[in-house]
Structures are given as structure tokens and as C-alpha cells.
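Structure assessment
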Amino acid sequence: MVKKLLAFIAFFLGTLVFAEEIHFDNEVYKLKFSALAPQTSGYGNEYFKASENVSNWTKMVGVYYYPSEDNPVKYAQNFDKTVENTDNSVLLKFIENKKANKAAISFLVNGCENNKKYFEYDIYKFEKHPVRGMIVIKYAVKHFFTDDSEIANLAQQIKKDNDKYLEMLIISPTPKIIEKDINLSE
């Protein structure tokens, strides 16, 4: 009887972890990937729309914990330099608040997936973790296009919405890090 009760409790607690959700821009994202990152010794959590996953997505939210990074602004400045020096990316905006030790960046990366070209619109927010280290929140959207003539329209729409999404991410609450390995492909 005790074993059955413990098995039920373990199943129930495991289900609670899988039920984690993030609401952003009037959409719901479910936790579908979580893993310990060997290079940072912190967990990364990735949230996707219900029908999407880590290998097939159009929108996602990531929450990454860097326990040994204590200066989010300096880290973001280095990240900004990397974006600016990468051939397939274009910096849109970099914001820093040295007093609050927070920063945000938005940029575009072009890519190709299954012979479909896309621009990935990324926003990252860098901030201190309440106990130790740094938290990075990422919002990403893939904009697929079939014809180069669509690029101008995509660029105009992204430029028009960039400040809105930056502000939304900056003021959004920081989700709790889930320190558990999860890989749901559904």
C-alpha cells in the first residue's frame, strides 16, 4: 500500500512539473524541454506552443539560469558584440540599465529549415537571479518566407512591433527555473 501511495505521489508531482506554463502575448507556452547545461552548470527551460516542440516550432520562450554569472549588463554587452559580429544576424536594439543591472537585446538571424528560409526574431532579457547568478529570458519567433519579395514586409512588421515586444519581455515576471531533465516531443 505504501509503495502504491509513493508511486501515485511521484506520478502526481511529475505531472505538476510537466504542467508548467508561461503566458506571453496572449499565448500559452508549455514546458517541453529542460536540461542541465554543462558549460554553465545551470538549467535551461524551453516552452513551446501546444502543437510545437524543440525540433519543430514557430514561437518559443526560453528561461536560462547562469549561476556563475554575476553581471548581467556586462554579459549582455558581450552578447551584443557577438550578435553584431555574426554574419547572419542583424542587431535591432540593445538596452541596458546599469543601475538595475539589467539589459535587453533584440535581433534577427536568418536561417533555413527543411528547405524553408526564415528570419528568427529574438529578444533576450538579462537580469540578476534573486539568490545567485543571472537569469536570461528569451522570446523567439520564426518568420518563414518563400520569396525574397516578402522580406521587406517582414522587416517592416518586425520593426513596427520590436519596441512593443521588448517592453513586454522587460516587464514580464521571471519564471521559476525547473531543475529537472524534461524532453517532450509532442
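Residues numbered from 1 in each chain as written. Predicted model: local features only at pLDDT ≥ 70, side-chain atom pairs only at ≥ 80, totals over all residues. Heavy atoms only, no water.

This part is about the pattern of salt bridges. Applying the stated criterion across every chain, the model contains ten salt bridges. Lys98 is the salt-bridge partner of Glu96, the closest N and O atoms lying 3.6 Å from each other. Owing to a relative accessible area of 57%, Lys98 belongs among the exposed residues under this scheme. Where Lys117 meets Asp148, a salt bridge forms, and the shortest distance between an N and an O atom there is 3.4 Å. Here the residue Lys117 occupies a position in strand S7 (residues 116–128), and Asp148 occupies one in the loop between strand S8 (134–145) and helix H3 (150–171), the gap between them amounting to 31 residues. On the accessibility criterion, Asp148 (48% relative accessible area) is partly exposed. Several salt bridges share partner residues, and in doing so they unite Glu27, Lys49 and Lys59 into one network. (Salt bridge = Lys/Arg side-chain N within 4 Å of Asp/Glu carboxyl O. Buried < 20%, exposed > 50% of the residue type's maximum accessible area, 1.4 Å probe, protein only. Helix = DSSP H or I, 4+ residues; strand = E, 2+ residues; numbered from the N terminus.)

Within the secondary structure, Lys138 sits in strand S8. C-alpha separation for the pair Lys138 and Tyr64, spaced 74 residues apart in sequence, amounts to 8.3 Å. Excluding anything up to four places from it in sequence, Lys138 contacts Met60, Val61, Gly62, Tyr64, Glu120, Asp122, Ile123 and Tyr124. (Contact = heavy atoms within 4.5 Å.)

Next up on the list: the side chain of Asn45. Mapped onto the fold, Asn45 is located in strand S3 (residues 42–48). Side-chain polar atoms of Asn45 contact the side chain of Ser34, separated by 2.8 Å. Once residues within four sequence positions are removed from consideration, Asn45 is found in contact with Leu31, Phe33, Ser34, Val61, Gly62, Val63, Tyr64, Lys176, Ile177 and Ile178. (Polar contact = N/O pair within 3.5 Å; in protein donor to acceptor, adjacent residues only side chain to side chain.)

These figures capture arrangement, not role.
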